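Observations on the model geometry
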Amino acid sequence: MSESVIPQLRPEMAKLPTYKAGKKVESVNGLTAYKLSSNEVAHSPLPSVVAAIVDAANDINRYPDPFTTKLKQALSDKFAIPVDQIATGTGSVGVCQQIIQAVAGAGDEVIYAWRSFEAYPIIATIAGALSVQVPLTHDGQHDLTAMLSAITPRTRVIFVCTPNNPTGGIVTQQQINELLAKVSKDILVVIDEAYVEFNRDDNAIDGIATMKANSNVGVLRTFSKAYGLAGLRVGYFIGPKNVADAVRKTAVPFGVSNIAQAAAVASLEHETELFQRVEEVIAERRWFESELAALGFKLPPSQANFVWLPLGDRTEEFVNRSEGIAVSIRPFPGEGVRISIGERQALERIIELAKEFVF
Ligand SMILES: *Cc1c(COP(=O)(O)O)cnc(C)c1O
């Protein structure tokens, strides 16, 4: 047997990029290192949430509740939505994968804007589905007219990410209403609201209300961002009952740990405190945006916990320089950088750096 014979993979595997997680930075010249590359919140967990986690740790010799009963009940109460329309998963990336596996198979099409969330192409490819990427407008907004035109008989699901990662802009209620009026009801439309808690634009989509008003709309949400539980992997889908049923069936069994379930329930109970932190992030975002605007940068207005800085071909230089000041940010080579709203000292360093990139 030749040693060059190796196990065969599905052809899709060659197309899969490796997910680029936000880089962990090293301290440079004694400077404290900061990570502004993964849109995490900088605050550590609330003591009450840590207490729930510690308590849940006493049961980790047991499998978790596979039905995430308490968590789904808490979400059902919060949104006034029946429990059977809710499905949970290992982060909303996990839920996103469950959704695509439930609706799209080989040769089916998944439409989403591009740039948008980097997990969409990976998950679609793994399912054997085809990604149909519809370019954002020149100012970083979803082009819903073009997305509508991209629909074919093979389209199974359309993702609308609002606020959009990485550009930060929202899709308006009017825009989505116009799209939904024309989309066949047998196509699922998923509104990815990972950053919805950071939105302060009243014209933005109200995902839950839109879902309640349309038989083919679902909403994807997460505990990773505003709730500060990125490390625990828990997110959820709220949508049509038949889709929620299917999304539960495609989940990894026992995927959401009892620790994650307990932390998510505790976080819902302490939302007021957590949302005060969200207010602080929004205030910091406004300050950071105004500082950059004062330098002459034209930024798409962000409604998320990050800001998009379109640097074009100066992106890599900016990112290299930011590593030199011990701040990690997310590069999109040739396009721009995404900077999470984190510690003030880190944002100040980025502003100082940006001064050198003004034309
Ligand atoms: C961060 C993010 C998610 C959530 O990821 P988790 O798996 O829940 O941590 C989902 N969608 C978008 C657009 C995101 O940026």
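Parameters at a glance
- Along every chain, residues carry numbers that run from 1 in the direction the sequence is written.
- Where totals are concerned, whole chains, interfaces and linings use all residues; where local detail is concerned, this predicted model gives features only for residues with pLDDT of at least 70, and gives and counts side-chain atom pairs only at 80 or more.
- The side-chain figures draw on all heavy atoms in the structure; neither hydrogens nor water molecules are used.
- Each residue is tested against the molecule or strand, and it is near if at least one of its non-hydrogen atoms lies within 4 Å.
- Polar contact is defined as a pair of N or O atoms within 3.5 Å, subject to the rule that within protein one atom must be able to donate a hydrogen and the other to accept it, and that residues adjacent in sequence are counted only when both atoms are side-chain atoms.
- The Shrake-Rupley method, run with a 1.4 Å probe, gives the accessible areas here. Residue values count only the displayed protein chains as cover.
- The helix count covers DSSP runs of H or I at least four residues long, the strand count covers runs of E at least two residues long, and both are numbered beginning at the N terminus.
- Residue contacts follow a heavy-atom distance rule, with two residues in contact if any of their heavy atoms lie within 4.5 Å.
- Strands qualify as paired when DSSP identifies two bridges or more between them.
- In this analysis, axes come from line fits to C-alpha atoms, helices being fitted only over the stretch in contact, and the angle between any two N-to-C directions falls in the range 0 to 180 degrees.
- Segmentation of the chain into domains, including their bounds, is taken from an automatic or database domain assignment.
- The term buried area denotes the loss of accessible surface (1.4 Å probe radius) that occurs when two parts are joined, taken as the sum for both partners.
- Two aromatic rings from Phe, Tyr or Trp, using only the six-membered ring of Trp, form a pair when their centres are within 6.5 Å; if the ring planes differ by under 30 degrees the pair is stacked, by over 60 it is edge-to-face, and anything between is tilted.
- Cation placement over rings: the criterion is NZ of Lys or CZ of Arg within 6 Å of the ring centroid and within 35° of the ring normal.
- Exposure categories follow from relative accessible area, calculated using a 1.4 Å probe and restricted to protein chains: below 20% of the type maximum is buried, above 50% is exposed, and the middle band is partly exposed.
- Counted as positive: Lys and Arg. Counted as negative: Asp and Glu, with His and the chain ends omitted from the count.
- In what follows, salt bridge is the name for a side-chain nitrogen of Lys or Arg lying within 4 Å of a carboxyl oxygen of Asp or Glu.

**Things to note about the site of the ligand**
Surveying the vicinity of the ligand reveals 13 residues, the closest of which are S92, Y195, T222, S224 and K225. Between a nitrogen atom of the ligand and a side-chain N or O atom of D192, the distance comes to 2.8 Å. Within the contact set of the ligand, an oxygen atom lies 3.3 Å away from a side-chain nitrogen or oxygen of K225. Coverage of the ligand by the protein chains reaches 94% of its 380 Å² of free accessible surface. Ranked by residues supplied to the shell around the ligand, first place goes to helix 3 (residues 91-103) with 3 residues.

**Some thoughts on the side chain of N199**
Within the secondary structure, N199 sits in the loop between strand 6 (188-192) and helix 7 (207-213). Beyond its immediate chain neighbours, meaning those up to four positions away, N199 contacts P163, I170, A204 and Q303.

**Quick notes on the sheet that holds strand 12 (residues 336-340)**
Spatially, the 3 strands line up as an open sheet ordered 9-12-11, and their pairing is antiparallel. Two strands lie at the open edges of the sheet, namely strand 9 (306-309) and strand 11 (330-332), each paired on one side alone. On average, adjacent strands in this sheet sit at an angle of 20° to one another, irrespective of strand direction. Here 3 bridges tie strand 11 to strand 12, and the two strands are oriented antiparallel to one another. Residue pairing for strand 12: R330 is matched across the bridge by R338. Strands strand 9, strand 11 and strand 12 of the sheet are contacted by helix 11 (residues 315-324), whose axis makes an angle of about 35° with strand 12.

**Remarks on the domain arrangement of the protein**
One can read the domain layout of the protein as domain 1 (11-45 + 272-354) and domain 2 (47-270). Each of domain 1 and domain 2 has a C-alpha centre, and these two points are 23 Å apart. Taken together, the contacts link 32 residues of domain 1 with 32 residues of domain 2. Buried surface at the junction of domain 1 and domain 2, summed over both partners, amounts to about 2900 Å²; 64% is from carbon and sulfur atoms.

**Quick word on the packing of aromatic side chains**
By the definition in use, this model includes 13 aromatic pairs. Here the aromatic rings of F223 and Y236 are separated by 5.7 Å at their centres, their planes lie at 50°, and the arrangement is tilted. Taken together, the residues span a long stretch of sequence, with F223 in the loop between strand 7 (217-222) and strand 8 (235-238) and Y236 in strand 8 at a distance of 13 residues. One aromatic cluster in this structure is built from F79, F223, Y227, Y236 and F275. Here the guanidinium or amino end of R344 rests over the ring plane of W287, the centre of that ring lying 3.5 Å away.

**Examining the side chain of R338**
Here R338 shows up in strand 12. Comment: no salt bridge for buried R338; closest opposite-charge side chain is E118, at 4.7 Å. For R338, the side chain forms a polar contact with the main-chain oxygen of S37, separated by 2.8 Å. Within the structure, R338 has its side chain in polar contact with the side chain of N39 (distance 3.4 Å). Sequence-distant contacts of R338, that is, excluding residues within four places in its chain, are made with L36, S37, S38, N39, N165, P166, F306, V307, W308, I329, R330 and F332.

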